[in-house]
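Chains, contacts and geometry: an overview
Listed below, chain by chain, are the residues.
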Amino acid sequence: ELLTSLGGRDLEALRRDCESCRRESLELEKQRAFREGELKQTQQAVQQLEVELGSPLYAGVEQRHREAIIKHESAAYAAKDLGRYHTALDKALMKYHALKMSEINKTIRELWQRVYRSRDIDYIAIRSDTDEVEGQEGVVAEVGRAVRSYNYRVVMVCGDVEMDMRGRCSAGQRVLSSLIIRLALADSF
């Protein structure tokens, strides 16, 4: 009679379907509870972060960050400008140095040819060599900048040959060249 009231369905199949639906319902309830727990934890974390953001440590942080960015960018532009000015000044100094050395050597040549009567030396000149050293001991340099040092030497020209005077000239030639160089320097400066 139960079978007829159920419309001819199998009672055992219905029990299995019912049990399957209960298991599925329990599983969904567990997942829902798990998700609600995760949501609660996330909401608590958000509340804690909002409280922390409201603390004096983070008060006005946007403005302080903006000011720090402005200071950083200003310093970067200033450093870039200083680099340009350094390069321009260095070029100007090198040009001035070359101009003055040319003027001094012209005066030395004229004085030597006017005073020195022997024919073994046509004229004398001062030569400068530039050495660029990266952070040598005893020399304090800026970071990333090479230290430039100048080495000066007196040369004598005989015909087309230029030789160092050191060790190749007499004491009289050395004294005469010293006096002429001093006169040329006094004349230029």
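To start, this report covers the structure provided alongside it. (Residues numbered from 1 in each chain as written. Predicted model: local features only at pLDDT ≥ 70, side-chain atom pairs only at ≥ 80, totals over all residues. Heavy atoms only, no water.)

**Thoughts on the sheet that holds strand S1 (residues 123–133)**
- If you trace the three strands from one edge of the open sheet to the other, you get S1-S2-S3, paired in antiparallel fashion. Since the sheet does not close on itself, it has two edges, and those belong to S1 and strand S3 (161–164), each with one partner. The mean inter-strand angle of the sheet, taken between neighbouring strand axes irrespective of direction, is 40 degrees.
- Where strand S2 (residues 147–158) meets S3, four bridges bridge the pair, whose relative direction is antiparallel. Its bridge partner being in S3, Met156 is matched across the sheet by Met163.
- Most of the contacts of helix H3 (residues 61–115) go to S1, to which it runs at about 160 degrees, and overall it touches S1 and S2. (Pairing = 2+ DSSP bridges. Helix = DSSP H or I, 4+ residues; strand = E, 2+ residues; numbered from the N terminus. Axes fitted to C-alpha atoms, helices over the stretch in contact; angles between N-to-C directions. Contact = heavy atoms within 4.5 Å.)

**Examining the packing of aromatic side chains**
- This model, assessed by the stated rule, comprises two aromatic pairs.
- Measuring from ring centre to ring centre gives 4.5 Å for Trp112 and Tyr116, while their planes differ by 25 degrees; the resulting arrangement is stacked.
- Look at Trp112 and you get buried, because its relative accessible area is 0%.
- The buried category is assigned to Tyr116, whose relative accessible area is 14%.
- With centroids separated by 6.3 Å and ring planes inclined at 25 degrees, the aromatic side chains of Tyr150 and Tyr152 adopt a geometry described as stacked.
- Residue Tyr150 is classed as partly exposed on the basis of its relative accessible area, which comes to 31%.
- The cationic tip of Lys100 hangs over the ring face of Phe189; the distance from NZ or CZ to the ring centre is 5.1 Å. (Phe/Tyr/Trp six-rings, centres within 6.5 Å; stacked < 30°, edge-to-face > 60°. Buried < 20%, exposed > 50% of the residue type's maximum accessible area, 1.4 Å probe, protein only. Lys NZ or Arg CZ within 6 Å of the ring centre and 35° of its normal.)

So yeah, pure geometry; function would need other evidence.
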